[in-house]
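Descriptive structure summary
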Amino acid sequence: MTDPPPVDDAVGRPPVIDVLVADDDPLVRFGLRMMLGGVADLRVVAEAGDGAEALRLAERHRPDVVLMDIRMPGTDGLAATATLRGRSSAPQVIVLTTFDTDAHVLRALRAGAAGFLLKDTPPEELVTAVRHVARGRPVLSPEVTRRLIARVAESDQEQDTARDAARRRLAALADRERTVAAELGAGRTNAEIAARHHLALTTVKTHVSAILSKLDLNNRVQVALLVQEAGLIPPE
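Report on the accompanying structure. Being a predicted model, the structure only gives us computed values, none of them experimental. (Residues numbered from 1 in each chain as written. Predicted model: local features only at pLDDT ≥ 70, side-chain atom pairs only at ≥ 80, totals over all residues. Heavy atoms only, no water.)

1. So, the pairing of strand S2 (residues 42-48)
As paired strands, strand S1 (residues 17-22) and S2 are joined by 6 bridges and run parallel to one another. Paired with Ile-17 across the strands is Leu-42, a residue of S2. The parallel pair S1 and S2, bridged by helix H1 (residues 26-37), forms a crossover whose chirality is right-handed. (Pairing = 2+ DSSP bridges. Helix = DSSP H or I, 4+ residues; strand = E, 2+ residues; numbered from the N terminus. Right-handed = clockwise from strand over helix to strand, strands pointing away.)

2. Notes on the pattern of salt bridges
This model, assessed by the stated rule, comprises 13 salt bridges. With a shortest N-O distance of 3.1 Å, Arg-196 and Glu-183 are connected by a salt bridge. With Arg-196 in helix H9 (residues 190-197) and Glu-183 in helix H8 (residues 175-185), this pair connects stretches of sequence that are 13 residues apart. With relative accessibility at 35%, the residue Arg-196 sits in the partly exposed group. Glu-183 gets classed as buried once you look at its relative accessible area, which sits at 2%. Among the ionic contacts, a cluster of salt bridges with common partners joins Asp-23, Asp-69 and Lys-119. (Salt bridge = Lys/Arg side-chain N within 4 Å of Asp/Glu carboxyl O. Buried < 20%, exposed > 50% of the residue type's maximum accessible area, 1.4 Å probe, protein only.)

Structure below.
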C-alpha cells in the first residue's frame, strides 16, 4: 500500500516533489514519467539519457530526487550519483536498475545513493520510495536488503583490512557519537536510539549530523555500511 503524501498545513496540499529520470531506454523513461505523472505530489521535471546529461539537467532543474539507471553510455549512473552527491544542495538519488549484484548495491550506496530499487518494483512501492528519500529516509527493496545481509564475506585478509580501515575512521568520533553510529549500523531510527539511550530526539539528531560531518559521508546508509565493516553493531 502506498504511503499517503505529507500535507503542507499552510495550504492544505502536499508539497510537490520534483523528480529527474535518468535512463538510456526511452521506453523506461516514458513509463516512469507516466507512472509518476499521475501522482499529485510528484512532478517529473526532466529526463536524461545518460549520466552526463543527468548532471547537466540536475544543475538546471534542481530536482529533489533523481531516479538513476546504472548502465548508461558515457558517464554511468554510479559515477553520476557520486558527482551529484558531492554537490551543494545535492538531490537524493534512487538507483533504479535491473542489476542487483552485491557490487552494484554497495557501490551505489557508497556513492551516496539514498535508495536502490529493482526496475520490477511495483509502482506504489516506487512512489512511496520517492517520498521517503525526499524526506531524508533511505530505502532498499526487500530483495536487495536480503542480499546485503546474506552477502558472502571477502577473504579473511581483505575483511581484516577493511575492518581496520573502518575502525580508524570511526575513531574520529566522540564516544557518544560512536554509540549512535553503531545504532545506525543496526538500522535503528532516531526515535529508537533516543529511547534506548535515554536521550532527547534533538540530541540524537545533533549527533547524527556531527557523525556525517566528521566522517564526510552523505547519509545514514553510508554510516551503517562503515559500522558494518568495522564490526561494531550493538547487541539487541
